[in-house]
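An overview of the molecular structure
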Amino acid sequence: MTYRPHFHFAPPFGWMNDPNGLCQFDGTYHLFYQYHPFGVEWDDMHWGHATSSDLIHWEHKPIALRPGKTYDRDGVFSGSALIVDDVLHLYYTGNVWLDEKREALKQVQCLATSTDGVTFTKHSANPLISNEPKGGNAHVRDPKVWTANGRHYMVLGTRDATDGKVVLYDSDDAIHWTERGVVAGETGEHGWIWECPDLFHLDGQDVLLISPQGMEPNGDRYHNLHQCGYFVGELDVETPVYTHGAFTELDYGHDFYAAQTFLDDQGRRILIAWNAMWKRDWPEQAEGWTNQMTLPRELSLQDGRLVMTPIEEVKTLRQTCEILQDPTFEGDALELTFEAVGDFTLHCYGNTATFSKRGDEFELNRNGDIRRIRANGRTFRIFFDASSIEIFVNDGEYVFSSRVYPAQQARHSISGDVKNLTLYRLATAT
Ligand code: FRU
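This paragraph deals with the site of the ligand. Around the ligand there are 13 residues in total, and Asp 18, Gln 34, Trp 42, Arg 141 and Asp 142 lie nearest to it. At 3.2 Å, a side-chain N or O of Trp 278 approaches an oxygen atom of the ligand. For the ligand, whose unbound accessible area comes to 310 Å², protein coverage reaches 95%. The set of elements that each furnish at least two residues to the shell around the ligand consists of β1 (14–25), β5 (76–84), β9 (140–148) and β13 (193–202). A breakdown of the residues in the shell around the ligand according to their chemical character gives six nonpolar, three polar and four charged.

Shown next as structure tokens:
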């Protein structure tokens, strides 16, 4: 038995965290990721790299970025991609520790470029941004860049003494950046730092995605160590002011952080997140690798909420389709779909996790650690992949993403009032 996924992206070996630099360059999809190739724990960050023609089958590529310059000596931290004049630009944060305890740090924003999509050269103008932003502090990182109306924009995540926030920059040439100011933060309610910001236009609105650290649990919400969620609003780049509504969690499972999006050449806004959470146990480390990404999801805005649907290509993994008569089934690469008539309980991976409906309450219970929402859940699409479960309710209106480590063989069962139980066996793509 192995915890290694069949159709979720995982590093070949070593430690992986955030997805970085998601893009489509010359028709090929690129996924970069925070990577420590020399061990199964987080340490000096590199950018791992993989490419794909369908976002499902990935080919591992040589490491794209390594730490080593004076400005990124102790890590090439998270960032994003922009294609300018047929050149792939990777923006990232250079990290330098200023003390032995690795507490004091200097973070600067940097660029590396490539014309072939495989070999990257750090830019001679690095670091492009080395000042702490006004209203922020030394923790300033994770550049997300985009182009609109002929101008380039960048957001960075930062903090002051108490609050996380996002700072906007702009540029004519994608090299020289002007600080425009804080566009979101200072609410006093959303944690002490906002990591991995992403600001994008979707269905007529501007969505700001953030990964805040330090939010307190509130009722059924915010029970992960750190959160990942969004605001919906409108960004005025001239003033610059981002007017927005309330913060909403994006995923309701145990393992979802540092999500990043990109626009592909079909105009789809696609999201991939780190299917993990900081500071927990990683049983797969015994196998020489750590962590996986979520399935790629296509985003849409419906009634002011972000909806995440597995990209259409996921269906190409289906090998067999079976209308389930027996409520017990086995397998570690499966997709299960059904509709709820009344209440139900799904036992996953033996009893390692259960997902149940009681009236309008949905609960994912992983070894007693419960995530709960109230919702009108009608249809269910559930992916089992060796050591994870992803549950899409109502085509992605609500999603739960969790790693689950089964003690023995992958045996599952469902009881309760459901109909149209359909099981697909999925191919191995990795
Ligand atoms: C988010 C994060 C980023 C940082 C990276 C370092 O998980 O903390 O803010 O750039 O990981 O690996």
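Domain boundaries in the protein define domain 1 (14–310) and domain 2 (315–426). With 28 residues of domain 1 at the interface, the matching set in domain 2 holds 24 residues. For the pair domain 1 and domain 2, the two sides together bury roughly 2,300 Å², of which 49% comes from carbon and sulfur. Of all residues in domain 1, Asp 220, Tyr 252 and His 254 bury the most surface against domain 2, accounting for 28% of the area lost on that side.

Quick look at the side chain of Asn 20 now. Tracing the backbone shows Asn 20 in strand β1. Given a relative accessible area of 0%, Asn 20 falls into the buried group. One polar contact links Asn 20 to Gln 34, side chain to side chain, over a distance of 2.9 Å. Not counting the four nearest positions on each side in its chain, Asn 20 is found in contact with Leu 31, Phe 32, Tyr 33, Gln 34, Trp 47, Ser 78, Gly 79 and Gln 260.

Once that is clear, we can look at the sheet that holds strand β11 (residues 164–171). Taken together, four strands build an open sheet; the order of strands is β9-β10-β11-β12 and the sheet is antiparallel. In this open sheet, the two strands that pair with only one neighbour each are β9 and β12 (178–185). On average, each strand axis in the sheet is inclined to that of its neighbour by 25°, with strand direction left out of account. With eight bridges connecting them, strand β10 (residues 151–159) and β11 associate as antiparallel partners. Among the inter-strand pairings, Arg 159 is bridged to a residue of β11, identified as Gly 164.

Next up on the list: the pairing of strand β25 (residues 333–348). Across the 16 residues of β25, twelve count as buried, placing the element largely inside the fold. Sheet topology note: the β25/strand β26 (residues 353–358) ladder contains five bridges and is antiparallel. From the neighbouring strand, His 347 faces β26, where its bridge partner is Thr 354.

With respect to the helices and strands, the residue Cys 110 is situated in strand β7 (residues 105–114). Take Cys 110: its relative accessible area is 1%, and that puts it in the buried class. As for Cys 110 and Trp 192, which are separated by 82 residues in sequence, their C-alpha atoms are 24 Å apart. Apart from the residues lying within four places of it in its own chain, the contact partners of Cys 110 are Tyr 71, Leu 90, Tyr 91, Tyr 92, Gly 94, Asn 126, Pro 127 and Leu 128.

What counts, and at which threshold
Residue indices follow the written sequence of each chain, beginning from 1 at its first position. Reporting in this predicted model follows two pLDDT cut-offs: at least 70 for local features of residues, and 80 or more for side-chain atom pairs to be given and counted; totals over whole chains, interfaces and linings ignore these cut-offs and use all residues. Values shown for side chains rest on all heavy atoms present in the structure; no hydrogens or waters enter the calculation. Neighbouring residues are identified by heavy atoms, a residue being near a molecule or strand if any of them is within 4 Å of it. Whenever a nitrogen or oxygen atom comes within 3.5 Å of another N or O atom, the pair is scored as a polar contact, on the condition that within protein one atom can donate a hydrogen and the other can accept it, and that pairs from neighbouring residues in sequence are kept only if both atoms are in side chains. Each accessible area is a Shrake-Rupley result for a 1.4 Å probe, and residues are judged covered by the shown protein chains and nothing else. Runs of H or I in DSSP of at least four residues are treated as helices and runs of E of at least two as strands, each being numbered from the N terminus. Gly falls in the polar group here, along with every residue not listed as nonpolar (Ala, Val, Leu, Ile, Met, Phe, Trp, Tyr, Cys, Pro) or charged (Asp, Glu, Lys, Arg). In this entry, domain limits derive from an automatic or database-based domain assignment. The criterion used for residue contact is that any of the two residues' heavy atoms lie within 4.5 Å. Buried surface area refers to the total accessible area, computed with a probe of radius 1.4 Å, that the two partners give up upon joining, counted for both partners together. Whether a residue is buried, partly exposed or exposed follows from its accessible area with a 1.4 Å probe, protein chains only, as a fraction of its type maximum: under 20%, in between, or over 50%, in that order. A pair of strands is labelled paired if DSSP reports no fewer than 2 bridges between them. A fitted line through C-alpha atoms represents every axis, and for helices the fit uses only the stretch in contact; the resulting angles, taken between N-to-C directions, go from 0 to 180 degrees.

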